[in-house]
Each structure stands twice: as C-alpha cells, then as structure tokens.
Amino acid sequence: MIEAVLSASPLFWPGVLCSLLLAALLSRPVGRLLRAHRAAGFLLVLALGGIITLTVLPDTRLPLWDNARYAVRQCTFDRVGPHPLSELLTATQSSLNVALFVPLGVTAALAGTWGRRCAAGAVAVTVPVLVESVQYAFPVLGRACDGQDLLDNYLGLAIGLLLGALAGPLARAAVRARRR
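None of these values were measured; they are calculated from a predicted model.

Draft legend 1. View of the environment of Ala109. Locating Ala109 in the fold gives a position in helix 6 (residues 93-109). The contacts of Ala109, once residues within four sequence positions are left out, are Arg117, Leu161, Gly164, Ala165 and Arg172.

Put into structure tokens, the structure is as follows:
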C-alpha cells in the first residue's frame, strides 16, 4: 500500500526535503507564533508540508492535461462511514489519511496558551476541507475529492488533538525544567 501511495506521488521525496528545510528554517518563528517550543513549530511546518505533498501536489504519472481530461468532476460522499479498527491498523489509504493528520492535531494541542490552542485547532479543522476543495477545484492535479478522506482526516486530527492534550502538560513541564 505504501508503495502504491509513493508511486502515485512521484514528488513525495522532493516535497519531504522541502518540508524538512522549511521546518528547520521556520521552527523558531512558528514556535513563537504558537507561544510554544520551537519543536512544536518544526512539527507544524513539517505536518503541513507532508499534507501538501501527499494531497495537493499533482500526480505526474500522466501528463497534466490527461489528469484534467479523465478527472472525476464531483466529490463522492456515497461510501462515507467509519472503518473497522482492523482496517485502520493496517496500511490502507484510510489509515494513511488518518496518520497524515495526527501530527497537525498534536501541534494544535501543544500551542502555548489556551487562545493559541483554540486558534490552531480552528485552523487545523479547516485544512481537510481546504485540501478536498483544492482537489475538486483543480482536476489537473489528478486527485479526487472524497468524503471518506474528510472523515479519515478528521479522525486523525481528533487523535492528534487528544494525544497533544495528554502530552502537552508533560512537554510544557519538561521545557520549564530545562530552562531552569
């Protein structure tokens, strides 16, 4: 399954390298914006870079005009529903969609103040809709708008928010102790 995802995303490795570079360069200012440690800034930039790389960059296996010609011109919502846990624990498209959004949720929950956490959470909630909207609006990308992807992305976001909320107090205490 992972091989299939990587073959459908030939720009994966360049996207990962660009994301890592941007995360390294922007970790401090993004961390300040979040009022959190620069590691949270690094994770946020890296998470957004991964999301863009795997969901918005064009499928270049075919020429772009073929992507537009054969594109599905609608969002599919007919197969939307929860998956069994066994399917989410194996490498499927749904489990990868869930995993892709966990770091974004963790980062939103690690923002420094309550207001920043709410703002980061609000922005994070809009990202899956934005991704599916871009996939729908630009058929030349060779991506398909799918309601199941939205559900999977929101599940990953919720898991990340929960993990970040649980780990946040520990992480903040560790940063405070290290500063002393």
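Draft legend 2. The environment of Asn153, seen in detail. With respect to the helices and strands, Asn153 occurs in helix 8 (residues 147-179). Residues Asn153 and Gly49 lie 104 residues apart in sequence; the distance between their C-alpha atoms is 15 Å. Those residues within four positions of Asn153 in sequence are excluded, and the remaining contacts are Asn97, Phe101, Pro128 and Glu132.

Draft legend 3. Molecular detail of a nonpolar patch on the surface. On the surface, Leu21, Leu22, Leu25 and Leu26 cluster together into a nonpolar patch covering about 390 Å² of accessible area. In this fold, Leu25 is placed in helix 2 (residues 12-34). For Leu25, a relative accessible area of 59% corresponds to the exposed category.

Draft legend 4. Layout of the layout of surface pockets. Counted as a void, the second largest pocket has a volume near 280 Å³. Every residue lining the second largest pocket is counted, 13 residues in all, and those nearest its centre are Ala36, His37, Leu110, Arg172 and Val175. Secondary structure elements with two or more residues in the lining of the second largest pocket: helix 3 (38-55) and helix 8. Counting residues per element, the lining of the second largest pocket draws most heavily on helix 8, at 6 residues.

Draft legend 5. Molecular detail of a positive patch on the surface. Taken together, the side chains of Arg28, Arg32, Arg38 and Arg178 present a region of like positive charge at the surface. By secondary structure assignment, the location of Arg178 is in helix 8. On the basis of relative accessibility, which here comes to 72%, the residue Arg178 falls in the exposed class.

Draft legend 6. Region of the structure containing the nonpolar core. Formed by 21 residues in total, the largest nonpolar core has its most connected members in Leu34, Ile51, Phe101, Leu104 and Val127. The set of elements that each furnish at least two residues to this core consists of helix 2, helix 3, helix 6 and helix 7 (114-137). Ranked by residue count, the leading element in this core is helix 6, at 6 residues. Setting aside residues up to four positions removed in sequence, Leu104 forms contacts with Leu44, Ala47, Leu48, Ile51, Ala124, Val127 and Leu157.

Draft legend 7. Spotlight on the packing of helix 6 against helix 8. One way to put it is that helix 6 packs onto helix 8 with a least axis distance of 5 Å and a crossing angle of 35°. Here the hand of the crossing between helix 6 and helix 8 comes out right-handed.

Thresholds, definitions, all that
Residues numbered from 1 in each chain as written. Predicted model: local features only at pLDDT ≥ 70, side-chain atom pairs only at ≥ 80, totals over all residues. Heavy atoms only, no water. Helix = DSSP H or I, 4+ residues; strand = E, 2+ residues; numbered from the N terminus. Contact = heavy atoms within 4.5 Å. Patch = residues over 30% accessible without salt bridge, like charges linked within 9 Å, V, L, I, M, F, W, Y side chains within 5 Å. Areas by Shrake-Rupley, 256 points an atom, 1.4 Å probe, with all protein chains shown as cover. Salt bridge = Lys/Arg side-chain N within 4 Å of Asp/Glu carboxyl O. Buried < 20%, exposed > 50% of the residue type's maximum accessible area, 1.4 Å probe, protein only. 1 Å grid on protein atoms, 1.4 Å probe; cavity = no way out; pocket = protein on both sides within 12 Å on 5 of 7 lines; lining within 4 Å. Points joined across faces, edges and corners; volume = space filled by probe spheres on them. Lys, Arg positive; Asp, Glu negative; His and termini not counted. Charge placed at Lys NZ, Arg CZ, Asp CG, Glu CD. Core = buried A, V, L, I, M, F, W, Y, C linked by side-chain atoms within 4.5 Å. Axes fitted to C-alpha atoms, helices over the stretch in contact; angles between N-to-C directions. Left-handed = near helix turned anticlockwise from the far one by under 90°.

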